[in-house]
Amino acid sequence: MEKHFTDSRVKGVSTGTTILAAVFDGGVVIGSDSRASIGGDYVSSKAINKLIQVHDRIFCCIAGSLADAQAVTKTAKFQLSFHSIQMENPPLVIAAASVLKELCYNNKDELQAGFITAGWDKKKGPQVYVVSLGGMLISQPVTIAGSGSTYIYGYVDAKYKVNMTREECLQFATNALALAMGRDNVSGGVVNLVVITEAGVEHIVIPGDKLPTFSDE
C-alpha cells in the first residue's frame, strides 16, 4: 500500500485559527476564535474552545493540529499538577511554558501544533509566552498567531499600549480578533476571552453577531 507522509518542514502547516494574548496593568487577556477546520478547507466545528486551562491561573491557546494540541496540553496539565504538589505552591507561568516547550521540542518531527501561554503568578505577575511549532520559547507583552494573525499585525503594532487598563485590553483583543475573523476564511465563530489576574479568572464569550464591524460588508 502506498503511504503518504505530511512533512511540515516541506509543506507549511495550515493553522486555521486566530489566537492572541496581551498583558495589561495587573493581568493578561488571552483569546481566540472558535472555528475548527480540516486542512484549512472544510469547517468541521463552529464552537471549539481553543483556550485550555493548564493550571489555576495559567491558560494556553492552540494553533495547528487539534489532536496534537490536545495531547500536549493533557500531558502538560498532568506534569504541572504533579509539580505543584511537589513544590507545595502553584507553578510559575514560565514553568508551564517550559513544559510545553520541552514537549514540542522533543516531539518536533511528529507534532504540528504551537501554543501561546499566558497567566499570572506571584513572582512576575502577568506574563505571555510563545511556544512555536519547533519548540522555541519567547516572552512577549503581546503576541498573535494562527492563519488569521497575518491580517492584523499592523493593527496590533499600532493599537497595543503598555499598561493598558483591563477594559482597554479587552476592547483591543476583541477588535483584533474580529478583524482577523472578517478576513480569514478559516477563522470565525465566536470570540472566547479569558482575563487572568491576581483576583482570579474570568471567562467571556462574545457571539459573532455582537462583534464590532469595521466595514459595510
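Residues numbered from 1 in each chain as written. Predicted model: local features only at pLDDT ≥ 70, side-chain atom pairs only at ≥ 80, totals over all residues. Heavy atoms only, no water.

- Going by the annotation in an unreviewed UniProt entry, the name recorded for the protein is proteasome endopeptidase complex, with Oryzias melastigma given as the source organism.
- Its UniProt record gives the protein the following Function (unreviewed entry) comment, quoted word for word: "The proteasome is a multicatalytic proteinase complex which is characterized by its ability to cleave peptides with Arg, Phe, Tyr, Leu, and Glu adjacent to the leaving group at neutral or slightly basic pH. The proteasome has an ATP-dependent proteolytic activity. This subunit is involved in antigen processing to generate class I binding peptides."
- Reading the Subcellular location (unreviewed entry) entry of the UniProt record for the protein gives the comment "Nucleus". (UniProt positions renumbered as here; feature names shortened; annotations may be inferred.)

1. Some details on the sheet that holds strand S11 (residues 191–197)
(1) Moving on: Ordered by their spatial adjacency, five strands build an open sheet running S10-S1-S2-S11-S12, and the pairing between neighbours is antiparallel. Of all strands in the sheet, those bounded by a partner on one side alone are strand S10 (142–145) and strand S12 (200–206). This sheet shows a mean twist of 15° between the axes of neighbouring strands, independent of strand direction.
(2) Moving on: Relative to S11, strand S2 (residues 27–32) is paired through six bridges, and the arrangement is antiparallel. Bridge pairing in S11 links Ile 30 to Val 194. (Pairing = 2+ DSSP bridges. Helix = DSSP H or I, 4+ residues; strand = E, 2+ residues; numbered from the N terminus. Axes fitted to C-alpha atoms, helices over the stretch in contact; angles between N-to-C directions.)

2. Some words on the environment of His 203
(1) Moving on: When you line up the elements, His 203 lands in strand S12.
(2) Moving on: Once the C-alpha coordinates of His 203 and Gly 27 are considered, the two residues, 176 residues apart in sequence, prove to be 14 Å apart.

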